[in-house]
Amino acid sequence: MSESKSPEEFYAKLKKQLQDTAMWPSEYLYKFIVPTKGDKTNLVEEIFNNMGAVIEKKQSKKGKYTSVSINVRMKNPDHVIEKYKEVADKVEGVISL
């Protein structure tokens, strides 16, 4: 049986993993799945605007969802987590991978 974790627990675990596995600043690959309808992919892109991010988008077979991969240099694990939270707050229906 799996236990659902609070966002705070998830982010604390992610921060520790990032600290243990990378030298900062470092390249980080974000992956999101967003509903294609509306301008949700553009919202995700705007959050990473002016950061030198390399952004790739791919629509699902039926076109209902779009995967957005963002490769960007981040200062430290706290900045990585800040961006995850910003995307979650601003983009309705987003799934962070």
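Sequence positions are assigned chain by chain, starting from 1 and proceeding in written order. Local features in a predicted model are, by the rule used here, given only for residues with pLDDT of at least 70; side-chain atom pairs are given and counted only at 80 or more, and totals for whole chains, interfaces and linings are based on all residues. The basis for the side-chain values is all heavy atoms of the structure; hydrogens and waters are excluded.

Student: Explanation requested: the sheet that holds strand β4 (residues 95-96) in the structure shown.
Tutor: Each strand in a sheet pairs with another by means of backbone hydrogen bonds, the pair being arranged parallel or else antiparallel. Two strands form a pair only when DSSP identifies at least two bridges running between them. Helix and strand assignments follow DSSP, with helices taken as H or I runs no shorter than four residues and strands as E runs no shorter than two, numbered in order from the N terminus. If you walk across this open sheet you meet the 4 strands as β2-β3-β1-β4, and the pairing is antiparallel. Across the chains shown, the open sheet's two edge strands, defined by having one partner strand only, are β2 (54-59) and β4. Where strand β1 (residues 26-35) and β4 come together, 2 bridges link them in antiparallel fashion. From the neighbouring strand, F32 faces β4, where its bridge partner is S96.

Student: For this particular structure, what's the right way to read helix α3 (residues 77-90)?
Tutor: Side chains that are three or four residues apart share a direction in an α-helix, a result of its 3.6 residues per turn. To estimate how far a helix should extend, the number of its residues minus one is multiplied by 1.5 Å. Look at α3: 20 Å from first C-alpha to last across 14 residues, which is about the 20 Å you get at 1.5 Å a residue. The rule is simple: take the accessible area with a 1.4 Å probe, protein chains only, and divide by the maximum for that residue type; under 20% is buried, over 50% is exposed, in between is partly exposed. The complete set of buried residues in α3 reads P77, V80, I81, K83, Y84 and V87. When α3 is viewed along its axis, its buried side chains cluster within an angular range of 155° and face the same direction. Turned more than 90 degrees off the buried face of α3, the exposed positions are D89 and K90. Of the surrounding secondary structure, the elements contacted by the buried residues of α3 are α1 (7-21), β1, α2 (40-47), β3 (65-74) and β4. Between the side-chain oxygen at the start of α3 and the backbone nitrogen of D78 there is a gap of 3.0 Å, and the oxygen is on N76. As used here, the arc is the angular range of directions from the helix axis to the C-beta atoms. Two residues form a contact once any of their heavy atoms are found within 4.5 Å. The term polar contact refers here to a pair of N or O atoms within 3.5 Å; inside protein, the definition further demands a hydrogen-donor-capable atom paired with an acceptor-capable atom, and it admits residues adjacent in sequence only when both atoms are side-chain atoms.

Student: What should I look at first to understand the packing of aromatic side chains in this one?
Tutor: When we look at a pair of aromatic rings, we describe it by the centre distance and by the angle of the planes. Each Phe, Tyr or Trp ring, with Trp reduced to its six-membered ring, pairs with another whose centre is within 6.5 Å; inter-plane angles below 30 degrees give stacked pairs, above 60 give edge-to-face pairs, and intermediate values give tilted ones. Under the counting rule described, the total for this entry stands at 8 aromatic pairs. Plain terms: the ring middles of F10 and Y11 are 5.3 Å apart, the flat faces sit at 70° to each other, and that makes the pair edge-to-face. Relative accessible area serves as the criterion here: at 17%, Y11 is assigned to the buried category. Here Y30 and F48 contribute two aromatic rings whose centre-to-centre distance is 4.9 Å and whose plane-to-plane angle is 55°, an arrangement assigned as tilted. Of this pair, Y30 sits in strand β1 while F48 sits in the loop between α2 and β2, placing them 18 residues apart in sequence. As far as the burial class goes, Y30 and F48 line up, both buried. Among the aromatic residues, those joined into a ring-pair cluster are Y28, Y30, F32, F48 and Y84. By definition here, charges over rings are those cases where NZ of Lys or CZ of Arg is within 6 Å of the ring centre and within 35 degrees of the ring normal. Note that K83 overlies the ring of F48, its terminal NZ or CZ placed 5.7 Å from the centroid.

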